[in-house]
Amino acid sequence: QVQLVESGGGLVQAGGSLRLSCAASGLAFSSYDMGWFRQGPGKERAFVARVTRSYITTYADSMKGRFTISRDNVKNTVYLQMNSLKPEDTAVYYCAASRILYSIRSADYEYWGQGTQVTVSS
């Protein structure tokens, strides 16, 4: 049974930082591209960042320079370091796994975590 378990969310002031983690089990982690998506209040789920099985990273434009995605194939964990947080970053953050190379489309990700809430106060 595949499980993706996110942690690290919480309440932070604008300008602050958080580090999200996603621990994966039940899948050949190193064979998957891993992504982070988010869904804000009243919004659709949106792409945040992705790291491929070959460690190539891609970011949504609004996250470039502020967020860093990384993976540890020994710990089967993907991370999202979020700096210079803004109130508009408030959302539930989800990690996801895909066997499709280089995709940033949520429909191409077959496994999802339950999400972790990030709230940024102004």
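Residues numbered from 1 in each chain as written. Predicted model: local features only at pLDDT ≥ 70, side-chain atom pairs only at ≥ 80, totals over all residues. Heavy atoms only, no water.

Engineer: Pulling in residues and values, what's your account of the nonpolar core?
Structural biologist: In this structure, Trp-36, Phe-67, Val-78, Leu-80, Met-82 and Tyr-93 are the most contacted members of the largest nonpolar core, which totals 33 residues. Those elements giving two or more residues to this core turn out to be β3 (18–25), β4 (33–39), β5 (46–51), β7 (67–72), β8 (77–82), β9 (91–98) and β11 (116–121). Broken down by element, this core gets its largest block of residues, 5 residues, from β9. (Core = buried A, V, L, I, M, F, W, Y, C linked by side-chain atoms within 4.5 Å. Buried < 20%, exposed > 50% of the residue type's maximum accessible area, 1.4 Å probe, protein only. Helix = DSSP H or I, 4+ residues; strand = E, 2+ residues; numbered from the N terminus.)

Engineer: I'd like a description of the side chain of Thr-52, backed by residues and values.
Structural biologist: Tracing the backbone shows Thr-52 in the loop between β5 and β6 (57–59). Separated by 3.0 Å, the side chains of Thr-52 and Ser-54 make a polar contact. In this structure Thr-52 touches Asp-33, Arg-71 and Tyr-102, once residues within four positions along its chain are discounted. (Polar contact = N/O pair within 3.5 Å; in protein donor to acceptor, adjacent residues only side chain to side chain. Contact = heavy atoms within 4.5 Å.)

Engineer: I'd love a proper account of the pairing of β7, names of residues and values included.
Structural biologist: Where burial is concerned, the two faces of β7 differ: the one with Phe-67, Ile-69 and Arg-71 is buried and the one with Thr-68, Ser-70 and Asp-72 is not. In the sheet, β7 pairs with β8 via 6 bridges, with the strands oriented antiparallel. When the sheet's bridge partners are listed, Asp-72 is paired in β8 with Thr-77. In textbook terms, the turn of a hairpin is the stretch between consecutive antiparallel strands, and for β7 and β8 this stretch comprises 4 residues, one of which, Asn-76, has a positive phi near 55 degrees. (Pairing = 2+ DSSP bridges.)

Engineer: Explain the pattern of salt bridges to me, and be specific about the residues and the numbers.
Structural biologist: For the coordinates displayed, the defined rule picks out 6 salt bridges. Residue Asp-89 is joined to Arg-66 by a salt bridge in which the shortest nitrogen-to-oxygen separation is 2.7 Å. Of this pair, Asp-89 sits in the loop between β8 and β9 while Arg-66 sits in the loop between β6 and β7; the two residues are 23 residues apart in sequence, bridging distant segments of the chain. Arg-66 gets classed as buried once you look at its relative accessible area, which sits at 10%. Its salt-bridge partner being Arg-105, residue Asp-108 comes within 2.9 Å of it at the nearest N-O pair. One connected set of salt bridges, linked through shared partners, spans Arg-38, Arg-66 and Asp-89. (Salt bridge = Lys/Arg side-chain N within 4 Å of Asp/Glu carboxyl O.)

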